[in-house]
Amino acid sequence: MTVLRLFVYGTLKPGYPPHDRFCRPWLSAHQAALVRGRLYHLPMGYPGLTPEEGWVQGELLLFEHPPSRLLAQLDAFEGYSPNLSPEMNAYHRQEVPVYDLTHKPLGTAWAYIMSTERVRDFNGEWLPEGVWQRPINLRA
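Residues numbered from 1 in each chain as written. Predicted model: local features only at pLDDT ≥ 70, side-chain atom pairs only at ≥ 80, totals over all residues. Heavy atoms only, no water.

**Student:** I would appreciate a short explanation of the packing of aromatic side chains in the present structure.
**Tutor:** Ring pairs (aromatic) are described by centroid distance and by the angle formed between their planes. Going through the model one piece at a time under the given rule, you end up with four aromatic pairs. Relative to tryptophan 132, the ring of tyrosine 16 lies with its centre 5.4 Å away and its plane at 40°, an arrangement referred to as tilted. Here tyrosine 16, found in the loop between strand 1 (3-8) and helix 1 (17-23), pairs with tryptophan 132, found in the segment after strand 6 (125-126); they are 116 residues apart in sequence, far enough to count as distant. As far as burial versus exposure is concerned, tyrosine 16 and tryptophan 132 are alike and both buried. Arginine 38 extends its terminal NZ or CZ atom over the ring of tryptophan 126, reaching a point 4.2 Å from the ring centre. (Phe/Tyr/Trp six-rings, centres within 6.5 Å; stacked < 30°, edge-to-face > 60°. Helix = DSSP H or I, 4+ residues; strand = E, 2+ residues; numbered from the N terminus. Buried < 20%, exposed > 50% of the residue type's maximum accessible area, 1.4 Å probe, protein only. Lys NZ or Arg CZ within 6 Å of the ring centre and 35° of its normal.)

Here it is in structure tokens:
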């Protein structure tokens, strides 16, 4: 893999400790971006993106020549294993279309999506503006 494209909307965004730990050392570029979906704040202190109608704002991260283990480390952080059934994963990693803030297509990127049912089970709070921002002092 020469370029890894990842859309992030929570603690993997710049400014949060998990971004510093997992992303910043390998990051080539990033820009504000949008994906289709709906965003929820979860009681555990982080967000979930669901495949519902709406727009979610986050960051498109580009990693040129990332270490081969980077995607596996991100999967582990997000509670996703491609070897487990969807019900056993907190999130599902999938490629989604990404847009700039004027809705111009930017291609596709990986994103971690949560099922609507799981968000409901967690009593997630819908964020109608599609932006998640919480205090920076979260623990990774």
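Back to the write-up after that little detour.
**Student:** What's the story with the side chain of histidine 19 in this structure? I'm lost.
**Tutor:** If you trace the backbone, histidine 19 turns up in helix 1. A relative accessible area of 3% places histidine 19 in the buried class. The residues touching histidine 19, leaving out its near neighbours within four places in the chain, are Thr11, Leu12, Lys13, Pro14, Arg24, Leu27 and Leu61. (Contact = heavy atoms within 4.5 Å.)

**Student:** It is not clear to me how the pairing of strand 3 (residues 47-64) should be interpreted in this structure. Could you clarify?
**Tutor:** Both faces of the sheet carry side chains from a regular strand, because those side chains alternate between them. Where strand 1 meets strand 3, six bridges bridge the pair, whose relative direction is antiparallel. Paired with phenylalanine 7 across the strands is leucine 60, a residue of strand 3. Hairpin connection of strand 2 (residues 29-41) to strand 3: five residues between the antiparallel strands, including glycine 45 at a positive phi of 105°. (Pairing = 2+ DSSP bridges.)

**Student:** Can you help me understand the pattern of salt bridges in this one?
**Tutor:** It is possible for side chains bearing opposite charge to pair when their charged atoms get close. Taken as a whole and judged by the stated rule, the model has three salt bridges. When the shortest N-O distance is used, the salt bridge between glutamate 52 and arginine 38 registers 3.8 Å. Of the two residues, glutamate 52 sits in strand 3 while arginine 38 sits in strand 2, which places them 14 residues apart along the sequence. The class of glutamate 52 is partly exposed, set by a relative accessible area of 23%. For arginine 38, a relative accessible area of 25% corresponds to the partly exposed category. Residues arginine 93 and aspartate 75 are paired through a salt bridge, measuring 2.7 Å at the closest nitrogen-oxygen approach. Here the residue arginine 93 occupies a position in strand 4 (residues 92-99), and aspartate 75 occupies one in helix 2 (residues 70-77), the gap between them amounting to 18 residues. We classify arginine 93 as buried; its relative accessible area is 12%. (Salt bridge = Lys/Arg side-chain N within 4 Å of Asp/Glu carboxyl O.)

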